[in-house]
Amino acid sequence: MNAAAAFFYLFSTVMIGSAFMVIAARNPVHSVLFLILAFVNASGLFMLLGAEFLAMILVIVYVGAVAVLFLFVVMMLDVDFAELKQGFLQYLPVGALIGAAVLIELVLVVGAWTMAPAAIGGAGSPTPPDVSNTLAIGRVLYTKYVYFFQAAGLVLLTAMIGAIVLTLRHKPDVKRQVIADQNARDKSDVQLKKVPSRAGV
Amino acid sequence: MTPISFALAHTLPELILAGGALVLLMLGAFRAGKGDWIISELAIGLLGIALLTLFFPLEGKALIWDGAFIDDTFGRFMKGLALMGALVSLLLSREYMAREKIDQFEFPVLILLATTGMLMLISAQNLIGLYLGLELMSLALYVVAAFHRDNVRASEAGLKYFVLGALSSGMLLYGSSLIYGFAGTVSFTGIADAIHGNVSIGVVFGLVFLLAGLAFKMSMVPFHMWTPDVYEGAPTPVTAFFASAPKMAAVAITLRIIITAFPGVTPQWQQIVVFMSLLSMALGSFAAIGQTNLKRLMAYSSIGHMGFAMVGLVPGTEQGIRGVLIYMAIYLTMTLGAFAALLSMRVGERYVETIPDLAGLSRTNGSMAFFLAMTMFSLAGIPPLAGFFAKLYVFQPAIDAGFYWLATIGVLLSVVSTFYYLRIVKVIYFDAPAEAFSPVKREVTGVLWVASFGILLFWVYPAPVLTAATNAAKSLF
């Protein structure tokens, strides 16, 4: 067994284990930390495949931004996760049944797996030998796949509009600082009142 | 590699809608005032322009964006229907949204983005294009379902739709990955070539999951559970939109992927489609009987109609596809007409929502009563109204292909569904009058007139629809 295979088994085992712990951990903060561990291992797997760009993007975007945001949300929101998880187990039999059915299907599929003969040659598009894979992705992303790129951008824009529409509330009674108003104020705007004792304004 | 101008010319409606949505978003955000001011008028205009561009005389079939996008007569026909659905829903929404004080400018923008997604979905020619179009459409739909965010039922509708929709997207992706794993390509024609004469069990599983994901969007049994709750909870114009435009897109992509990518596994997909179509017709007919809420009733009615429409797909012939296309065109007219009627009747400050609200409508508003009765007769499929021809054109090819039993069961279930449509007619004409209704706006009346002409006079001059559907079906094969 060579080093690459050893690392493959290491990364995959840790990844599956931590993915399981994401749903099994009692403490939600631990769940998020296990999620980060799963992402890091996935990026290790990408590295083994020779896709350094995807590996780094996974670390930067998912670990650096998304998972940390998750962590903030989990810590800031006062959600009683223990209570949410109550009754989680009562669906276990049904869930296990469906899971078993899907597993049997998967075994059937993988057991009788055949690739279409035409597919074997066409599958996989290797990186051109003279460039790095970042450059190779860049070469096709804005040319061959520009339609998908733009469409994915629209999807993200829609998600952003949706989040703002559904959650942003303008509260009228919140006092905001308006610096222009503050600077424009002069002495004549200020009223001085003599307040009699024990009478209020 | 095709020249960029060629590709842009063939994606003109999508570009207009996407670019227009961005401009309107800016306009709305920088104005930052109350209400949607001129945004929804502009959005309606953009949808109209996009609809007109479909009539540009471009040559028949164009495969662009590196095989991800196809512009053909079939696509243009379905895009026309989807655009009409969006346009009319937006017309109907203006008064309702203002009355409910939810007329923010984001609503027309989201409708435009959803419609862009639908057009991309209709034109998808590979699995990635399909998924991106589907997600763009669905994400915008989840948001507009919950647009009335202070209303508990609307929020529940949005959340339910989102969770179940995410599940269905997951199934669709799982199926797509199985198919890709087998065929080694995501393009529909490539999949067809790979499957040719060599059916692996993986492909069949992939097909099942893929169709499950698409059936969710069409709300066919057994993936219909969300429909009644979402239709009831969402604001009524949004329900009108849900019942019209997204169905056109989902049906279009189902037809396209089955006919283009899976001719090699015909017996397999036929089984699935027959199963879903029978169950949808049955559930649509029986479950609607107990409903008193008109929006829930329309939800079950739409489930049933999807079942009827899919009967036309079962033979997998050009005639059958033509039948489905005609069915969708007529279904769109009837549904939009029915929702226009719902949105034009107010009792006091409240919109009509239940069947008892309609009691004695014939004595308080004769023309509306006539229109509603006619729409109900047409939905039930009674000649000579349009709904009858819709069913005729899907059952005929099924019988020609030897599916006698399917057509027979379909006709019997259509008789069952007549019960609840006729019950509405009975309440309108024979029950003691309830309160009187308030007057309606012009644009809603306009929609009512157009819909009633379509329903009532389809048999006099069906040629435009029939010719367009025939050409569209031909381009798919």
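Here the structure is a predicted model, which means the values were calculated and not measured.

**Let's talk about the overall build of chain B**
Okay, step 1: Looking only at helices and strands, one finds 20 helices and 4 strands in chain B.
Okay, step 2: By the compact-globule yardstick of 23 Å for 477 residues, chain B fits well, its C-alpha radius of gyration being 21 Å.
Okay, step 3: In terms of its C-alpha atoms, chain B occupies a principal-axis envelope of roughly 65 × 60 × 40 Å.
Okay, step 4: The buried share of chain B, reckoned over its 477 residues, is 63%.
Okay, step 5: Nonlocal contacts in chain B, meaning residues at least 24 apart in sequence, comprise 82% of its contacts between residues at least 6 apart.
Okay, step 6: Counting every atom, chain B has about 16,400 Å² of accessible surface; 70% of that belongs to carbon and sulfur.
Okay, step 7: Charged side chains of chain B number 26 positive and 25 negative; the gap between the two group centres comes to 5 Å.

**Some points on helix α11 (residues 236-261) of chain B**
Quick reminder: α-helices carry 3.6 residues per turn. Residues three or four places apart thus point the same way.
Okay, step 1: Helix length check: α11(B) (26 residues) gives 37 Å between terminal C-alpha atoms against 38 Å at 1.5 Å per residue, within 8%.
Okay, step 2: The element α11(B) is extensively covered by neighbouring structure, given that 26 of its 26 residues are classed as buried.

**Structural notes on helix α12 (residues 266-286) of chain B**
Residue and element names in this part refer to chain B.
Okay, step 1: Here α12 spans 30 Å end to end across 21 residues, near enough to the 30 Å set by a 1.5 Å rise per residue.
Okay, step 2: Those residues of α12 lying buried are Trp 269, Gln 270, Ile 272, Val 273, Val 274, Met 276, Ser 277, Ser 280, Met 281, Gly 284 and Ser 285.
Okay, step 3: Looking at the buried side of α12, the elements it contacts are α9 (201-218), α11, α13 (294-311) and α18 (404-430).

**Quick word on the pattern of salt bridges**
Residue and element names in this part refer to chain B.
Okay, step 1: Overall, the coordinates contain 14 salt bridges over all chains when judged by the stated rule.
Okay, step 2: Lys 160 is paired through a salt bridge with Glu 156; the nearest N and O atoms lie 3.1 Å apart. Placement of the pair is Lys 160 and Glu 156 together in helix α7 (residues 152-183), with a separation of 4 residues, close to one helical turn.
Okay, step 3: Its relative accessible area of 28% is what places Lys 160 among the partly exposed residues.
Okay, step 4: Note on Glu 156: relative accessible area 42%, which makes it partly exposed.
Okay, step 5: Across the pair Asp 431 and Lys 426 runs a salt bridge whose closest N-O atoms are separated by 3.6 Å.

**Re a nonpolar patch on the surface**
Residues and elements named next belong to chain B.
Okay, step 1: The grouping of Phe 370, Trp 449, Phe 453, Leu 456, Leu 457, Trp 459, Val 460 and Tyr 461 at the surface amounts to a nonpolar patch, some 900 Å² of accessible area in total.
Okay, step 2: For the nonpolar patch, the leading source of residues is helix α19 (residues 442-457), giving 4 residues.
Okay, step 3: By the element assignment, Phe 453 lies in helix α19.

The rules behind each value
- Residues numbered from 1 in each chain as written.
- Chains lettered and ligands numbered in written order.
- Predicted model: local features only at pLDDT ≥ 70, side-chain atom pairs only at ≥ 80, totals over all residues.
- Heavy atoms only, no water.
- Helix = DSSP H or I, 4+ residues; strand = E, 2+ residues; numbered from the N terminus.
- Rg over C-alpha atoms; globule rule 2.2 N^0.38 Å.
- Buried < 20%, exposed > 50% of the residue type's maximum accessible area, 1.4 Å probe, protein only.
- Contact = heavy atoms within 4.5 Å.
- Areas by Shrake-Rupley, 256 points an atom, 1.4 Å probe, with all protein chains shown as cover.
- Lys, Arg positive; Asp, Glu negative; His and termini not counted.
- Charge placed at Lys NZ, Arg CZ, Asp CG, Glu CD.
- Expected span 1.5 Å × (residues − 1).
- Salt bridge = Lys/Arg side-chain N within 4 Å of Asp/Glu carboxyl O.
- Patch = residues over 30% accessible without salt bridge, like charges linked within 9 Å, V, L, I, M, F, W, Y side chains within 5 Å.

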